[in-house]
Amino acid sequence: MFRVALSAGLALFLGACSLGSGSISSGFADSSSYTTNSIGASPSVKGVALGGDPGASRGGSSGQKYAALNDKAPTGTYERAPAGALSDRDYSSTALSIDKARDIINQYRRDKGLKPLKINAELTAAAKSHSRDLAKWDRISHYGSDGSNPWDRVKRTGYRARLAAENVGTGQIDFKEVMRGWRESPGHNKNLLLADATHMGIALVQDPKSEFKTFWTLVVGAPM
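Quantities reported herein were computed from a predicted structural model and do not represent experimental measurements. (Residues numbered from 1 in each chain as written. Predicted model: local features only at pLDDT ≥ 70, side-chain atom pairs only at ≥ 80, totals over all residues. Heavy atoms only, no water.)

Engineer: I'd like a rundown of the pattern of salt bridges, residues and numbers included.
Structural biologist: Tallying each qualifying case throughout the model produces 6 salt bridges. The partner of R102 in a salt bridge is D103, and the shortest N-O contact between them spans 3.1 Å. Via salt bridges that share partners, D99, R102 and D103 belong to a single interconnected network. (Salt bridge = Lys/Arg side-chain N within 4 Å of Asp/Glu carboxyl O.)

Engineer: Talk me through the packing of helix α1 (residues 98-111) against helix α4 (residues 175-184); I want residue IDs and the actual numbers.
Structural biologist: Orientation of α1 relative to α4, taken along the N-to-C sense of each, is 30°, at an axis distance of 11 Å. Between α1 and α4, the interaxial angle falls into the category roughly parallel. Regarding α1 and α4, the two cross each other, and that crossing is right-handed. Here A101, I104, I105 and Y108 of α1 lie close against α4, whose contacting residues are F175, K176, M179 and R183. The residue inventory of the contact of α1 with α4, partitioned by class, reads 6 nonpolar, no polar and 2 charged. (Axes fitted to C-alpha atoms, helices over the stretch in contact; angles between N-to-C directions. Helix = DSSP H or I, 4+ residues; strand = E, 2+ residues; numbered from the N terminus. Parallel < 35°, antiparallel > 145°, perpendicular 65-115°, else oblique. Left-handed = near helix turned anticlockwise from the far one by under 90°. Contact = heavy atoms within 4.5 Å. Nonpolar A, V, L, I, M, F, W, Y, C, P; charged D, E, K, R; others polar.)

Here's what the structure looks like:
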């Protein structure tokens, strides 16, 4: 998991994994994006991230265990917040304006000479589904509780992607805080600036009873 220290010295939790040409980084430092660019089929997953062992496979080799009940996300592919870590933050005004988030992302892309992204219903559905799942289990990960990865979730919506990428964040009060953390993290930033991306979907799910409080997911992609 990549941790970004933000205002008041509070450690917030931003995460992701990087999947491009078949390899995944360790989940620390610049392992902050999940990008797939395979065409026509889901790429193979050769490792895990977010604090897990990068040498462990998705299938559970080397004694890797699975979480309890119906949760198929491999142990070590997600992280949880320490109890009470964010209890002193005020989330009463937290909300997501999809249009404002799009405008912030697109202004950043324009500043880098890149074309803007359009909101896409299928990618938004993929983002919402993952944020809800993260909130249910109160964790940060790119694996869903059913074992899915971002590419799987995009395909389920009917979006025929030739490129798809996912950023996730937990604990932030507003999108500006999320965006600041993503820009400062090399992997997240890479996804924000994917030159070939044309569409995006973004979601926020809040659960005041959870330790992480907020669960943000951004999915960007380009169709075939």
